[in-house]
Each structure stands twice: as C-alpha cells, then as structure tokens.
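# Structural characterization, general
Listed below, chain by chain, are the residues.
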Amino acid sequence: MTEAASPALPFKSDFLRTLQERGFIHQVTDAGGLDEKAAKGRVVAYIGFDATAPSLHAGSLVQIMMLRWLQKTGHKPIVLMGGGTTKVGDPSGKDASRQLLTEDDIKANIASIKQAFSPFLTFGDGPTDAIMIDNDAWLSGYGYIQFLREFGPHFTVNRMLTFDSVKMRLEREQPLTFLEFNYMLMQAVDFLELYQRHGCVLQMGGSDQWGNIVNGVEIVRRKSDGEAFGLTTPLLTTSSGAKMGKTAAGAVWLNADMRSPYDYWQFWRNTEDADVGRFLRLFTDLPIPEIERLEKLPGAEINEAKKVLADEATGMLHGREAASQARAAAEAAFEQGRLSADLPTVEVPRATLESGETTIAALAVDAGLASSRGEARRLAEGGGLRLNDEQIKDGMRPVTVADLNADGVLKLAAGKKKIVLVRPF
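The text that follows walks through the structure, step by step, so that each part is easy to find. Please read all numbers here as calculations on a predicted model, not as lab measurements.

The rules behind each value
Residues numbered from 1 in each chain as written. Predicted model: local features only at pLDDT ≥ 70, side-chain atom pairs only at ≥ 80, totals over all residues. Heavy atoms only, no water. Salt bridge = Lys/Arg side-chain N within 4 Å of Asp/Glu carboxyl O. Helix = DSSP H or I, 4+ residues; strand = E, 2+ residues; numbered from the N terminus. Buried < 20%, exposed > 50% of the residue type's maximum accessible area, 1.4 Å probe, protein only. Pairing = 2+ DSSP bridges. Contact = heavy atoms within 4.5 Å. Axes fitted to C-alpha atoms, helices over the stretch in contact; angles between N-to-C directions. Parallel < 35°, antiparallel > 145°, perpendicular 65-115°, else oblique. Left-handed = near helix turned anticlockwise from the far one by under 90°. Core = buried A, V, L, I, M, F, W, Y, C linked by side-chain atoms within 4.5 Å.

### Remarks on the pattern of salt bridges
Following the criterion strictly, the structure yields 23 salt bridges and no others. Two residues, Asp-285 and Lys-72, come together in a salt bridge whose shortest N-O distance is 4.0 Å. Within this pair, whereas Asp-285 is found in the loop between helix H13 (276-283) and helix H14 (288-295), its partner Lys-72 is found in helix H3 (residues 61-72), the two being separated by 213 residues in sequence. Of the residues examined, Asp-285 reaches a relative accessible area of 25% and is grouped as partly exposed. Taking the relative accessible area as the measure of exposure, Lys-72 reaches 47% and is therefore partly exposed.

Have a look at this one:
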C-alpha cells in the first residue's frame, strides 16, 4: 500500500501527470489505482491546515498549489481548517509541544487564514468548486469514551510508535504528551468523515504527514470498506538547506498585513540561482517549456528569471497591480538608486533622533534588518550596512536628524537586497 511513486511512471491522468512534471510527488499509497480513478472521473481530495497563527506562510504554498492543480485538472478540492486538531497540536517535525491556543484564538486565526485561499482556488457549489470545512464540526462532538471505543481498536500503539512524527521525538529524548499522541487518530477520523460526508477519496500533504495519511487511508477501508488514497510532497528546502518559507527575519507570511507585497516580491526575487527552475514549476502556472527557457538563462540573466518568478508568485497572491508596483519599487531602489513610496517603511519617534542616542545598529533592529544589535554590528563591520547609500562600518555610529535626506527620511540598507525607509514621527 505504501509505495513511492516512481518518476518514470507514465501517468494517464492530467492531475498526476501535472503534479509529477512540476515536482510535487514524493509518495503515493497506490499510484496506479489513483491514476486510474483520476483519469476516469472527478476525484475529491483534501489537505488540512491547522490554525496555529493568523496567517499561513510560503511553506504552505506547495500544498495550496497542489489543490490549485487538482482543480485546474477537473477535480474538487476541500480545504480542511483544523479548528479541532489545532486544540491538540500536530507533533510532526517538532521537538516540543506546540503552544495551546484558546478557542477564541483559533477562531480568529481561521478567519484570518481564509483570505489566503481565494486567490488560488474557485469556491462555490459546482462539481469542481472548492469548499472549506472546519474539522471542529465533528471532532468536538465526540465524547472521549465514544471516540476511544469507535476508533481506538483500529490503531495499535506498536504501529504508532513507528511513525516519524512519534519516533523522531522519542529518539531525541524529547517528551511527547498523550495529548499530541492522539493527533494522528484525529487526522485519520478527519479523512473518514470527509469520505462519508463528501465522497473524498484522497488526502494530500507534506512528507512529514505520511504516517498520519496512511492511518486515514486504512480507517476509511476498515470503517467504510472504501477505497482511499494518500499522496505526499517532498520536504522542500532551498539549495543552501534553509526551510522553505523561512528567512533570517522569520516566516514569509501570506497575509498582506503581516508581510507587504513588496517584501513578498523581494523574497522570491532573492531566490538562489539553483532553485529558480524548481520554484517556477512549483509556485507558478507558467508552462513547462517557458520555465525550461527561463532556467537556462546564462550568467546574470538568471536574475530576469527571478523577476518573472517574483512577478508570478506575487501576482497570484496579491494581484498583478501589487506585483507591478513591487517590481517598480525594487528596480527604482536597487537599479536606479531612487526611492519609492512602495518601499517598506518603519516609523521611529523623532525624539530618538534628536537625542543622538540612537545607533545605526539599533535602527537596523527596529527596521527588521537584523535580529539583534550584535548581529547588526557584525553586519556593519563586514560592510553590509548603508545609511543613505553610504557604507557605515561602525555599528555604534549615532544616527540623528542631521542624517535625514531631502525627503525627511532615512534610507537604511542591509546588503544588496534589503532596503527600508525610516520615517520620524
């Protein structure tokens, strides 16, 4: 049942063929059976998203784009919001328990997260329209004894201990609470509920969810004698080994109020050369022949491919106009030396500049260009900090109102790729 899909497998369905050529597929429980089903008719599939923060981040885009391709190839996506599972916390990939949120926090996070899906999926009542469901609708309705009696007999502790989400935590001698141990049962029940309520036959997710997904496939078979499938995507890291969707400054949030379209555009523009082709396949709708042309651009011309990636990714999430404005602001700042109102801006009290007590290191931290003053000082010593286009090597150099430019702002830059305007108020 738990076979890995071979890259050489000639899929017949548009859905799996598209996922394969764009690099989404890591494992499939029954690749041939799923391909046959998707080639013959409409498949209903789901991915779950827990509400641990007010926004998803770029690391979630692989899953969102997979739902997008599911819909574009004629099938029906279900976005499952984890109102119930968030109350427990997924132990996958974590060395410590997740912080438990209140019900109000979870509801507020779900309301905020929802906005990230509408740019990628068409929601409605049609046969291939996406629907959004909260698993709290059934999980909170179970009594503890009822849940144990109905589903407990189908899971053995022996098998659960072999799954990566449990095994890795135990191997690192990190505590795994009984609360978290129940998560995989809850996720399996989600699949069963969606199978019974909506005819959902496919659960998709990241490779760290493989054990949970297999449990769901088996509980559907045991409780409903139904045919179900699982599919996972590879663990996605950048060529340098960084986790996708994370930067030195933190998560690359999808909600515009947590990361501006300009900063989002810059994230994609700063893609490593070796990742351009892979990211164009995963995070844009561009045809494969065009991607192959872009990834072969020689030398410095690869920067044009990065701009296309940034345009496409930002345009898909925030709209074409926002992407164009972000690109224009970046080109004005980095290529033409001009400032733009679309550059990220932070405000500081004018009194801090008038007192002469603010240093460029402190300002870099306030502007989000460094995580600490020590890091900012080291950045300056290495020649990586500039104030109004002048390199400043002394991180303790005071910044005063005398440094304000003709527009009454400070242009603070870290390296070649980050510029922030500092405006006194």
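Next comes the rest of the account.
### Focus: the pairing of strand E13 (residues 418-424)
With respect to burial, E13 is a largely interior element, five of its seven residues being buried. Summarising the sheet, strand E9 (residues 345-348) and E13 pair through four bridges and their orientation is parallel. Bridge pairing in E13 links Thr-345 to Leu-421. The pairing of strand E12 (residues 410-414) with E13 spans five bridges and is classified as antiparallel. Residue pairing across strands places Ala-414 opposite Lys-418, the latter belonging to E13.

### A word on the sheet that holds strand E2 (residues 44-50)
Strand pairing in a sheet takes place through backbone hydrogen bonds and is either antiparallel or parallel in direction. On the basis of which strands lie adjacent, the open sheet formed by six strands has the order E1-E6-E5-E2-E3-E4 and mixed pairing. Strand pairing shows two members of the sheet lacking a second neighbour, strand E1 (27-28) and strand E4 (131-134), which therefore form its edges. In this sheet, strand E3 (residues 76-82) lies alongside E2 in parallel orientation, the contact comprising seven bridges. Within E3, the residue paired with Tyr-46 across the bridge is Ile-78. Sheet contacts for helix H10 (residues 183-198): E2, E3, E4, strand E5 (202-206) and strand E6 (229-233); angle to E2, the most-contacted strand, approximately 145°.

### Thoughts on the packing of H10 against helix H11 (residues 210-224)
Remark: H10 packs on H11, axes separated minimally by 8 Å, with the N-to-C direction vectors making an angle of 50°. Between H10 and H11, the angle falls in the class oblique. As for how H10 packs across H11, the hand of that crossing is right-handed. Between H10 and H11, the residues in contact are Tyr-183, Met-184, Gln-187, Ala-188, Phe-191, Leu-192, Tyr-195 and Gln-196 and Asn-212, Ile-213, Asn-215, Gly-216, Val-217, Ile-219, Val-220, Lys-223 and Ser-224, respectively.

### Notes on the nonpolar core
The biggest cluster of nonpolar side chains holds 69 residues, and the ones touching the most others in it are Met-204, Leu-231, Trp-268 and Phe-283. At eight residues, the largest contribution of residues to this core is made by H3. Those residues in contact with Trp-268 that lie beyond four places of it in its chain are Ala-58, Leu-61, Met-244, Phe-279, Phe-283, Lys-306, Leu-309, Ala-310, Ala-313 and Thr-314. By size, the runner-up hydrophobic cluster in this structure holds 32 residues, among which are Phe-155, Phe-163, Phe-191 and Cys-200.

### A closer look at the sheet that holds strand E11 (residues 390-391)
The strand order across the open sheet formed by five strands is E9-E13-E12-E10-E11, and the pairing between neighbours is mixed. A strand with exactly one partner marks an edge of an open sheet, and here the two such strands are E9 and E11. Inspection of the sheet shows strand E10 (residues 385-387) paired to E11 by two bridges, in the antiparallel sense. Along E11, the bridge assignment pairs Arg-386 with Gln-391.

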